[in-house]
Amino acid sequence: LKASPGTEVWVALVYLIAASGPMLLTAKLAGRYGQARLFQIGTIIYAGAMMACTWAPDLNTLIILRLVQGPGLAIFLPTNFAIANLIYAADDRPKALGLLQSANALGLVLGPIFAGFLLDSYDWRAIFGSRIPLGACAIVLSFIAFGFNPLRLPQNAKEKIDYVGASLLTIALFGLLWGFTRLPVEDNHLDWFMWAIFIGGGIFLYLFFYQQSKTEQPLMDFSLLNITPFRKASVAFRMLVASFPVYLFTLPIVLVNGLEIRAYTVGIIMATVALYRMIASPIAGRYTAKLG
């Protein structure tokens, strides 16, 4: 599409912002309307937008479609794990969650290899087009698995929803990520408007934290951070996830464009990390049930 890396990054970033901003809100909505129902709605939105990306005529349209796809992920991803908690007894939950992570890792193993082959043989549109059957299957299977049963915890049905907090968090993420990606590019650090968006993101993040401390039923329960094991695990997980953009976005660009390695070979390189994750996840789930 003849775009600069500074513009290309928004194909990934706008998707992540649109997914992470409302994710806490959709987890709450699932408690009211049912985890299975939200899972089905999220799958339809996610798969539908993904299919439409195949025919995006330009970069702006592709970014807009990814903006639509993000909330789909925000809806079905939290419900995915919540459903496992609802269906399985406490002793079996670690195994179930381990299998979910293993399935996720299997996709990360096969995805880069298959995508590398498609990029070598066709172009970027083939990556989205090849997933049309998978998206259609996911939608159909979500209804086969759950029918029209909402599958929810009854005590969450009347819980208040913090729409203000979700809005503040989404705006904050947009402003901060916009600044982190745009300010270092060219002479953008001299543009007051860029700085205004970035600083505004920080202000909205502060307002989000303040609002969460005052509301009766916050999206994010910060008292959990007083539990030492939970706090340490949160920090470790955050550091792990922070490495993903380098591994999933920057590294392929360097290998393909910088070192001129074939996309298929890069896919195999990318898949090796996910392969170990796929193997380790169910084992970890099994031993979690035994060892704690």
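Scroll up a little and you will see the structure.
Bear in mind that the values here come from a model prediction, so they are computed numbers and not experimental data.

### Focus: the pattern of salt bridges
Counting across every chain of the model gives 1 salt bridge. Salt-bridge contacts for Arg-262 lead to Asp-120; the nearest nitrogen and oxygen are separated by 3.3 Å. Within this pair, whereas Arg-262 is found in the loop between helix H11 (244–258) and helix H12 (263–291), its partner Asp-120 is found in helix H5 (residues 93–121), the two being separated by 142 residues in sequence. Note on Asp-120: relative accessible area 35%, which makes it partly exposed.

### Concerning the packing of aromatic side chains
As enumerated under the stated definition, the model contains 15 aromatic pairs in all. Geometrically, the ring pair formed by Trp-10 and Trp-178 is tilted, given 5.4 Å between the ring centres and 50° between the ring planes. With Trp-10 in helix H1 (residues 5–20) and Trp-178 in helix H8 (residues 163–182), the pair connects residues that are 168 residues apart, well separated along the chain. On the basis of relative accessible area, Trp-10 is assigned to the buried category, the value being 9%. Both rings, one in Phe-208 and one in Phe-209, keep their centres 5.7 Å apart while their planes meet at 50°; by these two values the pair is tilted. Each member of the aromatic cluster is reached from another via a ring pair, and the members are Tyr-15, Phe-39, Tyr-46, Phe-76 and Phe-146.

### Describing helix H9 (residues 192–214)
The terminal C-alpha atoms of H9, which comprises 23 residues, lie 33 Å apart, in line with the 33 Å expected from a rise of 1.5 Å per residue. Turning to H9, its buried residues are Met-194, Ile-197, Phe-198, Gly-200, Gly-201, Phe-208, Gln-211 and Gln-212. Buried residues along H9 sit against H8. Measuring from the side-chain oxygen of the N-cap residue of H9 to the backbone nitrogen of Phe-193 gives 2.9 Å; that N-cap residue is Asp-191.

### A closer look at H5
The first and last C-alpha atoms of H5 sit 42 Å apart over 29 residues, in line with the 42 Å expected at 1.5 Å per residue. All of the buried residues along H5 are Ala-96, Gly-98, Ser-102, Ala-105, Val-109, Pro-112, Ala-115, Gly-116 and Leu-118.

### A few points about the environment of Phe-198
Among the structural elements, Phe-198 can be located in helix H9. For the pair formed by Phe-198 and Met-23, sequence separation is 175 residues and the distance between their alpha carbons is 22 Å. Among all residues touching Phe-198, those that are not within four sequence positions of it are Gly-175, Leu-176, Gly-179, Phe-180 and Leu-183.

### Structural notes on unusual backbone geometry
If you check the backbone angles, Glu-260 has positive phi at about 55° while not being a glycine. If you trace the backbone, Glu-260 turns up in the loop between H11 and H12.

Here is what the cut-offs are and how they apply
- Residues numbered from 1 in each chain as written.
- Predicted model: local features only at pLDDT ≥ 70, side-chain atom pairs only at ≥ 80, totals over all residues.
- Heavy atoms only, no water.
- Salt bridge = Lys/Arg side-chain N within 4 Å of Asp/Glu carboxyl O.
- Helix = DSSP H or I, 4+ residues; strand = E, 2+ residues; numbered from the N terminus.
- Buried < 20%, exposed > 50% of the residue type's maximum accessible area, 1.4 Å probe, protein only.
- Phe/Tyr/Trp six-rings, centres within 6.5 Å; stacked < 30°, edge-to-face > 60°.
- Expected span 1.5 Å × (residues − 1).
- Contact = heavy atoms within 4.5 Å.
- Polar contact = N/O pair within 3.5 Å; in protein donor to acceptor, adjacent residues only side chain to side chain.

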